[in-house]
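Fold and contact review
What follows is the residue order along each chain.
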Amino acid sequence: MLFFRSEEHVDGWCKLNGVPKRPLVSLGQLWQLAVTWYGNRLTTESRRPGPDEMVKIFSEIGLKGPFWDPKSDQWASSA
Amino acid sequence: MDFDTSVKLNIYEMIARTTRMPASIDVALGIGSSMADVEQAFQRLYEKRLLVLEPGAPSRIRMAPPFSGIETQHRVTIEEKVYFANCAWDAFGIAAALKRDADIESTCGDCDEPLAFKIRDEKPLPQDYVVHFAVPAAQWWQDIIYT
């Protein structure tokens, strides 16, 4: 999960490394993920979200589809 | 509070205060336990995907997300303390976990030029930069260090 100056730089990195281009995430979306995942990490209540919770969290900020589903088997052959 | 939660909170309290990732001996001294018991807790916390241990070194923590146990390209400064994050998400995650304004220095994954971010009043200042997630969620823990 890397920062890039622009989408063109993502394209350059994917081409150079021979990897498929995957979803782009805005800084606003990233901040929402950071708060949801880590906002209570220093408390007794903190825990990692379960798979269904993860799908819900991603979906609520517009990150939808099998790429964001930890239970998806679509990627098994590309591991 | 159960033992594993005590261990986890001690880890996070120490890294937040000192910026340094504690080893099992530090946690054992911190909570008045044995290194062996703490290292068993480390393993259980790893199995819950809350810690990543250094390969072959059960006393050492590589990641207590969002914090990194080693220096990385993602440097987060909060109130003159410098922390290192595991990835872009975790760079923002440190500011979110500590609930403080933060200055984040990182680099473009493509051209390696410096990129700077500021978290102010619980949100990032606007920038046109983007984040690329190269690995699907179903594969994040197949190689979490790469992810």
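Residues numbered from 1 in each chain as written. Chains lettered and ligands numbered in written order. Predicted model: local features only at pLDDT ≥ 70, side-chain atom pairs only at ≥ 80, totals over all residues.

1. Quick notes on the overall build of chain A
This is how the line gets drawn: Under the scheme used here, helices are H or I runs from DSSP no shorter than 4 residues and strands are E runs no shorter than 2 residues, and both carry numbers assigned from the N terminus. Restricting the calculation to C-alpha atoms gives the radius of gyration, and the globule rule supplies 2.2 Å times the number of residues raised to the power 0.38. Burial is judged by counting the other C-beta atoms within 10 Å of a residue's own C-beta: 20 or more makes it buried, 12 or fewer makes it exposed, and any count in between marks it as partly exposed, with every C-beta position built from the backbone.
From N to C terminus, chain A includes 3 helices and 2 strands. Starting at the N terminus, the α and β elements of chain A follow one another as β-α-β-α-α. The C-alpha atoms of chain A give 15 Å as radius of gyration, which overshoots the globular expectation for 79 residues (12 Å, by more than 25%). With the principal axes as the frame, chain A shows a C-alpha extent of 45 × 30 × 20 Å. A total of 79 residues make up chain A; the buried ones form 27% of that total.

2. Structural notes on the interface of chain B and chain A
What counts is decided by this rule: Any residue pair is listed as a contact if its two C-beta atoms, each placed from the backbone, are within 7 Å. Under the grouping applied here, Gly and all other residues not named as nonpolar or charged are polar, the nonpolar ones being Ala, Val, Leu, Ile, Met, Phe, Trp, Tyr, Cys and Pro and the charged ones Asp, Glu, Lys and Arg. Any two strands with at least two DSSP bridges between them are considered paired.
Facing 38 residues of chain B, the contacting portion of chain A comprises 39 residues. Of all the secondary structure elements, the ones that give two or more residues to the side of chain B that touches chain A are α1 (3–18), α4 (88–98), β8 (123–124) and β9 (130–132) of chain B. Looking at the side of chain B that touches chain A, the element that brings in the most residues is α4(B), giving 6 residues. Across the side of chain B that touches chain A, the residue classes tally to 24 nonpolar, 8 polar and 6 charged. Here 3 bridges tie strand β1 (residues 2–4) of chain A to β9(B), and the two strands are oriented antiparallel to one another.

3. Here's the deal with the confidence of the model for chain B
Rule in force here: pLDDT gives the predictor's per-residue confidence on a scale running from 0 to 100.
Confidence in the prediction of chain B, expressed as mean pLDDT, is 94, and 97% of residues score 70 or more. Quick note on the complex model: pTM equals 0.91, ipTM equals 0.89.

4. Focus: the sheet that holds strand β2 (residues 24–26) of chain A
Consider a sheet: its strands pair through backbone hydrogen bonds, and that pairing is either parallel or antiparallel. For the record, the criterion: Lines fitted to C-alpha atoms define the axes, with helix axes restricted to the stretch in contact, and inter-axis angles between N-to-C directions lie between 0 and 180 degrees.
If you trace the 3 strands from one edge of the open sheet to the other, you get β1(A)-β9(B)-β2(A), paired in antiparallel fashion. Edge positions in the sheet fall to β1 and β2 of chain A, since each of these pairs with one other strand and no more. Taking each pair of neighbouring strands and ignoring which way they run, the sheet shows an average axis angle of 40°. In the packing of helix α2 (residues 27–38) of chain A onto the sheet, the strands contacted are β2 of chain A together with β9 of chain B, and the crossing angle to β2(A) comes to about 80°.

5. A few points about unusual backbone geometry
Residues and elements named next belong to chain B. A cis geometry characterises the amide bond from Pro65 onward to Pro66, with omega recorded as 10°. Mapped onto the elements of the fold, Pro66 is located in the loop between β2 (57–64) and β3 (67–68). Its identity is not glycine, yet Thr19 carries a phi of approximately 75°, on the positive side. If you check the backbone angles, Asp121 has positive phi at about 50° while not being a glycine. Structurally, Asp121 can be placed in the loop between β7 (114–120) and β8. For Asp121, a count of 6 C-beta atoms within 10 Å corresponds to the exposed category.

6. What about helix α3 (residues 35–47) of chain B?
Heads up, the condition is: Here the expected length of a helix is defined as 1.5 Å per residue gap, with one fewer gap than residues.
Here α3(B) spans 18 Å end to end across 13 residues, near enough to the 18 Å set by a 1.5 Å rise per residue. A positive phi of about 60° marks Arg49(B), the residue just after α3(B).

7. Some remarks on the pairing of strand β5 (residues 81–85) of chain B
All names here are of chain B. Both strand β4 (residues 74–78) and β5 contribute to a ladder of 5 bridges, which runs antiparallel. Residue pairing for β5: Arg75 is matched across the bridge by Phe84. Between the end of β4 and the start of β5, which pair antiparallel, lie 2 residues, with Glu79 showing a positive phi angle near 50°.

8. Regarding the nonpolar core
Convention followed: Nonpolar cores are identified as sets of buried Ala, Val, Leu, Ile, Met, Phe, Trp, Tyr and Cys residues joined via C-beta atoms within 7 Å. Residue ranges for the domains trace back to a domain assignment, done automatically or taken from a database.
Residues Leu30(A), Ala34(A), Ala64(B), Ala88(B), Ile94(B) and Val131(B) are the most contacted members of the largest nonpolar core, which totals 55 residues. Tallying contributions element by element places α4(B) first for this core, with 9 residues. Formed jointly, this core draws a minimum of three residues from each of two domains, domain 1 (3–64) and domain 2 (74–129) of chain B. Not counting residues within four places of it along the chain, the set of residues in contact with Ala88(B) comprises Met1(A), Leu2(A), Phe3(A), Leu30(A), His74(B), Ser106(B) and Val131(B). The next biggest cluster of nonpolar side chains, apart from the first, holds 5 residues, and it includes Val55(A), Phe58(A), Trp68(A) and Ala138(B).

9. Structural notes on helix α2 (residues 24–31) of chain B
The α-helix winds at 3.6 residues per turn, so residues separated by three or four positions along the chain end up facing the same way. The test is simple: Note that the arc is defined by the directions from the helix axis to the C-beta atoms.
By the burial criterion, the buried members of α2(B) are Ser24(B), Val27(B) and Ala28(B). Along the long axis of α2(B), the arc covered by the buried residues comes to 100°, so they all point the same way.

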